[in-house]
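Summary of the model geometry
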Amino acid sequence: MSNGYMKRSVILVSLFSLLLLPGCWDHRELNELGVVSALGLDLNERGKIQITVQVINPQAYITKGQEGKAQTRILTSEGETFFDAVRGLMTKSGDRLFYPHNQVIVIGEDLARAGVKPILDFLERDPEIRLFTWVLLTEGKAEEVVRAPSDESLISAMHVMLLVDDYYSASKSIPRNILEFATMVYSEGIEPVLGKIEFYEEKGNPTYQLIGGGAFKGDKLIDWLDAGEARGYLWVHNDVNGGIITAYTKEGAENQAQADGSSGLGERISFEIIRTKSRVKPVLEGEKLSFVIDLDVTCNLGERTDNKETITKEDFKELEKILSQAVIGEVQGIVDKAQKELRSDILGFGLTTKRKYPDYWNQHKEQWEEMFPELEVEILVKAVVDGQGTVR
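Since we're looking at a predicted model, the values are computed, not measured.

About the criteria used
Residues numbered from 1 in each chain as written. Predicted model: local features only at pLDDT ≥ 70, side-chain atom pairs only at ≥ 80, totals over all residues. Heavy atoms only, no water. Phe/Tyr/Trp six-rings, centres within 6.5 Å; stacked < 30°, edge-to-face > 60°. Buried < 20%, exposed > 50% of the residue type's maximum accessible area, 1.4 Å probe, protein only. Lys NZ or Arg CZ within 6 Å of the ring centre and 35° of its normal. Helix = DSSP H or I, 4+ residues; strand = E, 2+ residues; numbered from the N terminus. Expected span 1.5 Å × (residues − 1). Arc of directions from axis to C-beta. Contact = heavy atoms within 4.5 Å. Polar contact = N/O pair within 3.5 Å; in protein donor to acceptor, adjacent residues only side chain to side chain.

Let's talk about the packing of aromatic side chains
In total, this model carries 8 aromatic pairs according to the counting rule given. Judged by centre distance (6.3 Å) and plane angle (80°), the ring pair of tyrosine 167 and tyrosine 168 falls under edge-to-face. A relative accessible area of 18% means that tyrosine 167 is categorised as buried. What links up through ring pairs into an aromatic cluster is the set Phe82, Phe83 and Phe122. One residue, lysine 196, lies across the ring of tryptophan 224, its end atom 5.2 Å from the ring centre. One residue, arginine 268, lies across the ring of tyrosine 248, its end atom 4.1 Å from the ring centre.

A word on helix H3 (residues 82-93)
With 12 residues, H3 extends 17 Å between its outermost C-alpha atoms, agreeing within 8% with the 16 Å of an ideal straight helix rising 1.5 Å per residue. All buried positions along H3 are accounted for by Phe82, Ala85, Val86, Gly88, Leu89 and Ser93. What you see down the axis of H3 is that its buried residues fit within an arc of 155°, all on one side. Turned more than 90 degrees away from the buried face of H3, the exposed residues are Arg87 and Thr91.

Side note on the environment of aspartate 239
Its location among the elements puts aspartate 239 in the loop between helix H9 (227-236) and strand S11 (244-248). Given a relative accessible area of 17%, aspartate 239 falls into the buried group. With 71 residues separating them in the primary sequence, aspartate 239 and tyrosine 168 have C-alpha atoms 8.7 Å apart. In contact with aspartate 239, not counting residues within four places along its chain, are Tyr167, Arg176 and Leu234. Polar contacts involving the side chain of aspartate 239 include one to the side chain of tyrosine 167, which spans 3.4 Å.

Okay, structure coming up:
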């Protein structure tokens, strides 16, 4: 065989092999992608699914200095299903929407009250949506939150992310990602709770606030939790990582009771949360089931508005008693709300029973909805005031 024939054969085989190589059929250039930063889900007035997306506009950064280019654009679409609505966005976007960098998903109240399982099916099935994306509720429409501007960031979704990252500084909201939320929805013995985002104008300035949450029964939103109830919930779930607890001094509490009104600012205390640990223990005696919520709380004394020095052991014992009562009050508030108002086991008592007493759970889980509101709950708090700060 001649050398020329060999070379031609090799070239032909190589070209044929190139035809067989796999290619990226859905390959898109970067400038053809629309990077989604926020996603809002609503049930609109026509009873259809409405999706609102906030899409980052790269041209606004490429042409930096030119006025008139918005950093984001907003698109909406409606459909019979979530997938249908998402595909509808393609008729408006002009580029392929890219979801892996999405920061937050906001669910509107109407949709949450109708039920979230269809949402979760879509979110879990779509490979582009990360399961660690944060999910929040809002009173009213999610579209309004996604469309809202921010003074903090050119991309408002980034501002919301900052609030989520810093939630522990107050521990007054309950952010959950898709995976955590879905686990609660599908788990036996616990009902879901989600954090709430609010948007409003404060003296003409756009303002976001991550505060409180929404309580579910099954997959349906049934009521809202305020800031104190949200922290009560976090106490029970061993998820308080910081924040400030305020209380009256002993004299302030007495004056408050006597005056039947505010005693002003002169007799208040602020404790800064340093460390916490909580445990929920089911106790089964015969056929009687009860619960003990056991909390260890360590705080610093951050402020005394009566300017009284705290030096002696007795002073600290008094502060620890005040702190203990304040924490018990927050926990008792959410226990009462869950049992008497919501009648929904958002505290996860059923799940702890299932783990510790599986036979008892299997025998009684069908009656749990009736049993839960009647369960006796004891709250034990060991409070330590570790320091009084330095007054200079």
